[in-house]
Amino acid sequence: MSHQKYRPATLLVHQGKDRDSATGASTVPIYQASTYHHEAGVSGEYDYARSGNPSREQVEEAIALLEGGVRGFAYASGMTAIGSTLALLKSGDHLIASSDLYGGSWRFITGVLPQQGISFSLVDTTDVDAVKAAITPQTKALFLETPSNPMFQITDLRAMVQIAKENGLLSMLDNTFMTPLLQRPLDLGIDVTIHSATKFLGGHSDILAGLVATADAGLAKRLKYFQNAFGAVLAPFDSFLLSRGIKTLKVRMETAQTSAQTLAERLTAHPAVARVWFPGLDDFPGRELHFSQASGAGAVLSFELKEESQVKRLLEGVKLPIIAPSLGGVETILTHCWSMSHAAIPAEDKLRQGISKKLLRISVGIEDVEDLWEDLAAGLV
Ligand SMILES: *Cc1c(COP(=O)(O)O)cnc(C)c1O
């Protein structure tokens, strides 16, 4: 793989290949083909598009380089990336996963894995002793998310890696919220890092995509086998859009992160707001731990209103944000976690994790922060 020596901002722009080798074109073309001619019956570098496509390889090399892995994989969605990584487990295995998980991951782990004979425990992974106590002779992997979503629980990645190594467990981390620009889990010893590239990496709310990277050649070989066996690969056109989105990640993330800090501070001081969760706030409980393993707070924050009736007024009052599940776009996205991103999780489980009907999540976009604040403030009544 070329370009290994460059710093993240350069890698984001140049990725694995920065031009088309056949023509010198400034972008890798969209190779819209399902199969490849076998000259005189002999397969060349590519034989069939499920197994390999240059447009897809562009983003696969990009994520491997950005995460510091040996190999990357691109899938049709973040959930496919997660499902394909969890395919590393087999019947009889036990999985320990963070209890405060993305709703889709929760659905997959609780609804699909048991049918495959894989048991699970949802554990507060911020509690190192609780993770140790949940390990059984069948435990084979840890599935983590930090910061978690939407409650911004911070899991100690170094401690999790140590537990994984001592107990022969695979460690997997959903790095969607941070992106490799702010958090590089493979450097800390995590085995597999996973992204919903639908979010910050794609960055424009116009594709569904998933990415995976690993620094372990043996795992890479197995992941490649599953990717080809399942076949839910990222399409050439979506690969092109993702590659294009990745090029601007740094400028988008930095602008959004600065605005998120401003909004988090102003929301904290607002009389309609009961509490704000954002790693960039001085009194955020997991702040020190978060910044020991990540270089930024990110661009997503959660806040709770004082009264449930204020939620309806806010959702009716704001004009700029898209009101939707999802995050990481150039446009600000406001989510009512209870009914949108975490709708799949039963009410009692949501309440246990602190997700109330008064909780909202904002993924801050790159609009002018003053316009965003005026718009939000008008709805906070
Ligand atoms: C959106 C999301 C996913 C699922 O990704 P899709 O691209 O929607 O399939 C997984 N994890 C996190 C943290 C997410 O935000």
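Residues numbered from 1 in each chain as written. Predicted model: local features only at pLDDT ≥ 70, side-chain atom pairs only at ≥ 80, totals over all residues. Heavy atoms only, no water.

Quick word on the packing of helix α10 (residues 249-268) against helix α14 (residues 369-379)
So, point 1. At a closest axis distance of 10 Å, the pairing of α10 and α14 adopts a crossing angle of 30°. Judged on the interaxial angle alone, α14 and α10 are roughly parallel. Pair α10 / α14 crosses with right-handed handedness. For the pair α10 and α14, the contacting residues are Ser 259, Thr 262, Leu 263, Arg 266 and Leu 267 in the first and Val 369, Glu 370, Leu 372, Trp 373 and Leu 376 in the second.
So, point 2. Of the residues in the contact of α10 with α14, the class split is six nonpolar, two polar and two charged. (Axes fitted to C-alpha atoms, helices over the stretch in contact; angles between N-to-C directions. Helix = DSSP H or I, 4+ residues; strand = E, 2+ residues; numbered from the N terminus. Parallel < 35°, antiparallel > 145°, perpendicular 65-115°, else oblique. Left-handed = near helix turned anticlockwise from the far one by under 90°. Contact = heavy atoms within 4.5 Å. Nonpolar A, V, L, I, M, F, W, Y, C, P; charged D, E, K, R; others polar.)

A closer look at the sheet that holds strand β8 (residues 273-277)
So, point 1. Taken in spatial order, the five strands make up an open sheet running β8-β9-β12-β11-β10, and their pairing is mixed. The two strands at the open ends of the sheet, each matched to only one other strand, are β8 and β10 (322-323).
So, point 2. Relative to strand β11 (residues 333-336), β10 is paired through two bridges, and the arrangement is parallel. Each residue of the ladder has a partner; that of Ile 322, found in β11, is Ile 333.
So, point 3. α10 contacts β8, β9 (300-305) and β12 (359-363) of the sheet and is inclined by roughly 15° relative to β9. (Pairing = 2+ DSSP bridges.)

Overview of the environment of Leu 327
So, point 1. With respect to the secondary-structure elements, Leu 327 resides in the loop between β10 and β11.
So, point 2. Taking the C-alpha atoms as reference points, Leu 327 and Val 42, separated by 285 residues in sequence, lie 45 Å from one another.
So, point 3. The residues touching Leu 327, leaving out its near neighbours within four places in the chain, are Phe 177, Thr 198, Lys 199, Phe 200, Val 300, Ile 333, Arg 361 and Ser 363.

Quick notes on the nonpolar core
So, point 1. If you look at the biggest cluster of nonpolar residues, it comprises 63 residues, and the most contacted ones within it are Leu 242, Leu 267, Val 276, Leu 301, Phe 303, Leu 314 and Leu 380.
So, point 2. At seven residues, α10 tops the list of elements feeding residues into this core.
So, point 3. Counting contributing residues per domain, this core is built from domain 1 (8-247) and domain 2 (250-379), each supplying no fewer than three.
So, point 4. Beyond its immediate chain neighbours, meaning those up to four positions away, Leu 267 contacts Val 273, Val 276, Leu 301, Phe 303, Ile 362, Trp 373 and Leu 380.
So, point 5. The next biggest cluster of nonpolar side chains, apart from the first, holds 26 residues, and it includes Phe 73, Ile 82, Leu 95 and Val 192. (Core = buried A, V, L, I, M, F, W, Y, C linked by side-chain atoms within 4.5 Å. Buried < 20%, exposed > 50% of the residue type's maximum accessible area, 1.4 Å probe, protein only. Domains from an automatic or database assignment.)

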